[in-house]
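Observations on chain architecture
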Amino acid sequence: MLSIPDASPVGIFLNTDPRLTNLLAQVQYLADDSGASAYLVGGPVRDNLLGLPVNDLDVSIVGDAPALATRLAESVEGRLTVHQRFGTATVVAGGVTVDLVTARAETYRNPGALPDVRPGDIIDDLARRDFTVNAMAIPLAGHNSRLVDPHGGQDDLQAGVIRTLHAGSFRDDPTRILRAIRYAARLDFQLSDETQAELREALDARALSTISGDRIRHELDRIFDEAEPLAALRHAEDLGALSTIHPALSVRHISNAPPLATPDPLVWVSALVWPLTASGATAFAARINAPADWSRAIADTTRLVSRMPQLDEPHLPPSRVCALLDGLAPGALAAAGMLGSRAAGEYIQRYLDAWWSVAPILRGTDLLELGVPAGPAVGELLRALRQARLDGITHTRQDEEDLVKNWSTT
């Protein structure tokens, strides 16, 4: 059973990278100096209580967060980004990030809509959060350093449970569906019975259809960035979340493949769409409003799937492999290397290791000097010379010149 200590003064409480503690101490000093109330909130509190590494800081300010962030950036010579509309700011200094938000209360006009906000206190700010384990805070200013935990986050950490703060949470913000799944997989926690029932009810009501593709893609991207994305994706499939995004999405084919040990989201999105038809993959890309690099990886994955039978043929010459693989997105190639047949995987690995970079020794100007007329013939001959070099027909510059002369006389 996890033993969670009582919250102690901040300098001791945050047992982590000294760069973080120094930055947090500066936030504390500036908050005291300006008379603001500042609280360490959310993930850093949760992870420190669990004994996990804390990488960045989240601070809630009862007051003007952008103003305090401006002073902080000046004092630590950091890079400042302000979103005045939302009362938030980010300071990056020494490779460390601190997000400062103005404490606020939120209401939702419609399911899936962005919230309407108004200034609030720390209790209001914690009440707008997604799950109890993320709704705890430690005061940074003043003498009281006791944990603020109005929703029982400590108890749920002890029990290993992900629990929403209220019954309408998933309807208000359906991205919390994917977030709940991600946190449960990362922390090896269980969704509470009530939360799982609420999540399934929200999925049955097609809550994810009420939010934009960008927001869904952002949550998928965060899943791909996890240390073990497959655990979250399996859970998402089991609960029906993947099929709500697209009815054919599944990870069963990934479960039987070699481990996808990569943080590259383009490999993961390529792996995810592997079973989809070309039209299904196109529909999925449209649903998540895929940016250019995602769209290319998705489209090239469908091309690779259609070429798998050819890549299963034995003893393919390198030039033929390159003809099948040249120009395709690296993420799609990496996914195909792990999800395709053993023969295809070996071809793709040799392509990535060596064949893709093979080029003829002669250049276009050399061909012109050898009497090849300017125009399409130059490009055609360069491609033919590359094929010859790939297949071991030529090895030296003289070999290529002889081949060009031979072609010119036939």
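This text gives an overview of the structure that appears in the document.

Calculation criteria
As a convention, each chain's residues are numbered from 1 in the sequence order in which they are written. Owing to the predicted nature of the model, reporting of local features is limited to residues with pLDDT of at least 70; listing and counting of side-chain atom pairs is limited to 80 or more, with chain, interface and lining totals taken over all residues. Only heavy atoms go into the side-chain values, all of them from the structure, while hydrogens and water stay out. The numbering of helices and of strands both runs from the N terminus, where a helix is a DSSP run of H or I of at least 4 residues and a strand a run of E of at least 2. C-alpha atoms define the radius of gyration, and 2.2 Å times the number of residues to the power 0.38 defines the globule rule. Here the term buried applies to any residue with accessible area under 20% of the maximum for its type, exposed to any over 50%, and partly exposed to those in between, with areas from a 1.4 Å probe on protein chains only. The convention is simple: Lys and Arg are positive, Asp and Glu are negative, and His and the chain ends are not counted. The location of each charge is read from NZ of Lys, CZ of Arg, CG of Asp or CD of Glu. Two residues qualify as a contact provided that any one of their heavy atoms is within 4.5 Å of a heavy atom in the partner residue. A pair of strands is considered paired only if DSSP assigns at least 2 bridges between the two. Between the N-to-C directions of two axes lies an angle of 0 to 180 degrees, each axis being a line fitted to C-alpha atoms and, for a helix, fitted only over the stretch in contact. In this text, buried Ala, Val, Leu, Ile, Met, Phe, Trp, Tyr and Cys residues form a nonpolar core when linked through side-chain atoms within 4.5 Å. Salt bridge, as used here: a side-chain nitrogen of Lys or Arg that lies within 4 Å of a carboxyl oxygen of Asp or Glu. In protein, a polar contact means a hydrogen-donor-capable atom and an acceptor-capable atom, both N or O and within 3.5 Å, with residues adjacent in sequence counting only if both atoms are side-chain atoms; elsewhere, any N or O pair within 3.5 Å suffices. We call two directions roughly parallel when the angle between them is under 35 degrees, roughly antiparallel when it is over 145, roughly perpendicular when it lies between 65 and 115, and oblique otherwise. Here is the rule for handedness: rotate from the far helix to the near one, and if that takes an anticlockwise turn smaller than a right angle the crossing is left-handed, while a clockwise turn gives right-handed. Note on aromatic pairs: the rings of Phe, Tyr and Trp (six-membered ring only in Trp) are paired at centre separations within 6.5 Å, and the planes decide the class, stacked below 30 degrees, edge-to-face beyond 60, tilted for the rest. A ring is scored as having a charge over it whenever the NZ atom of a lysine or the CZ atom of an arginine sits within 6 Å of its centre and within 35 degrees of its normal.

A count of helices and strands for the chain gives 22 helices and ten strands. Rg of the C-alpha trace for the chain: 28 Å, well past the compact-globule value of 22 Å for 410 residues, more than 25% over. For the chain, with 410 residues in total, the buried portion stands at 48%. Here the chain holds 37 positive side-chain charges and 52 negative ones, and the gap between their average locations is 4 Å.

Further remarks concern the side chain of Arg182. Its location among the elements puts Arg182 in helix α8 (residues 175–187). Residues in contact with Arg182, not counting those within four places in the same chain, are Glu219, Arg222, Ile223, Glu226 and Ala232.

This part covers the sheet that holds strand β5 (residues 96–102). Across the sheet, which stays open at both edges, the six strands sit in the order β3-β4-β5-β2-β1-β8 with mixed pairing between neighbours. With partners counted over all chains shown, the strands left at the sheet margins are β3 (79–83) and β8 (137–139), one partner each. Strand-to-strand twist of the sheet, defined as the mean angle between neighbouring strand axes without regard to direction, takes the value 25 degrees. Across five bridges, β3 lies against strand β4 (residues 88–93) in antiparallel orientation. Across the sheet, the residue bridging to Leu80 is Val91, located in β4. Across the sheet, helix α2 (residues 18–34) is in contact with β1 (37–41), β2 (57–62) and β5; its angle to β2 comes to roughly 5 degrees.

Moving on to the nonpolar core. Leu100, Ile162, Ile177, Phe284 and Leu325 are the most contacted members of the largest nonpolar core, which has 103 residues in total. Ranked by residues supplied to this core, first place goes to α8 with seven residues. Apart from the residues lying within four places of it in its own chain, the contact partners of Ile162 are Phe131, Val133, Ala180, Tyr183, Ala184, Leu187, Phe189, Gln190, Leu191, Ser192 and Thr195. One finds Leu362, Leu367, Val378 and Leu403 within the second-largest nonpolar core, a separate group that totals nine residues.

Inspection of the entire model under this criterion finds 22 salt bridges. Its salt-bridge partner being Arg215, residue Asp173 comes within 2.9 Å of it at the nearest N-O pair. Of this pair, Asp173 sits in the loop between α7 (169–172) and α8 while Arg215 sits in helix α10 (residues 213–224), and the two are 42 residues apart along the sequence. The class of Asp173 is buried, set by a relative accessible area of 8%. Arg182 is the partner of Glu219 in a salt bridge, and the nearest nitrogen-oxygen pair spans 3.7 Å. In this pair, Glu219 is assigned in helix α10 and Arg182 in helix α8, connecting sequence segments 37 residues apart.

In this section: the side chain of Ser60. By the secondary structure assignment, Ser60 is in strand β2. In terms of polar contacts, Ser60 uses its side chain to reach the side chain of Asp125, at 3.0 Å. Ignoring sequence-local partners within four residues, the contact set of Ser60 consists of Ser37, Ala38, Tyr39, Val41, Val101, Ala103, Ile122, Asp125 and Arg129.

Along the chain, Leu385 falls in helix α21 (residues 376–390). Residue classification places Leu385 among the buried residues on the basis of a relative accessible area of 0%. C-alpha of Leu385 to C-alpha of Arg363: the two residues are 22 residues apart in sequence and 9.9 Å apart in space. When neighbours within four sequence positions are excluded, Leu385 is seen to be in contact with Pro360, Leu362, Leu367, Thr394, Glu400, Leu403, Val404 and Trp407.

In the contact formed by helix α14 (residues 265–272) and helix α18 (residues 330–339), the axes pass within 8 Å of each other and the chain directions differ by 55 degrees. Comparing their axes, α18 and α14 come out oblique. In terms of crossing hand, the pair formed by α14 and α18 is right-handed. Between α14 and α18, the residues in contact are Leu266, Val267, Ser270 and Ala271 and Gly331, Ala332, Ala334, Ala335, Met338 and Leu339, respectively.

One pass over the structure, following the stated rule, counts three aromatic pairs. With centroids separated by 6.0 Å and ring planes inclined at 85 degrees, the aromatic side chains of Phe131 and Tyr183 adopt a geometry described as edge-to-face. In this pair, Phe131 sits in the loop between α5 (122–127) and β8 while Tyr183 sits in helix α8, placing the two residues 52 residues apart along the sequence. Tyr183 matches Phe131 in its accessibility class, with the two residues each being buried. The interplanar angle of 15 degrees and the centroid separation of 6.4 Å between the aromatic rings of Phe224 and Trp268 together place this pair among those described as stacked. Of this pair, Phe224 sits in helix α10 while Trp268 sits in helix α14, placing them 44 residues apart in sequence. Both residues of the pair, Phe224 and Trp268, count as buried. Through a chain of ring-to-ring contacts, the aromatic side chains of Phe224, Trp268 and Trp294 assemble into a single cluster. Between the NZ or CZ atom of Arg182 and the centre of the ring of Tyr183, over which it lies, the distance is 5.0 Å.

A few words on the pairing of β5. Burial analysis of β5 places five of its seven residues in the buried class, which makes it a mostly covered element. Where β2 and β5 come together, five bridges link them in parallel fashion. Considered in β5, the bridge of Leu57 is made with Val98. Linking two consecutive strands that pair antiparallel, namely β4 and β5, is a turn of two residues; a positive phi of about 60 degrees is found at Gly94 within it.

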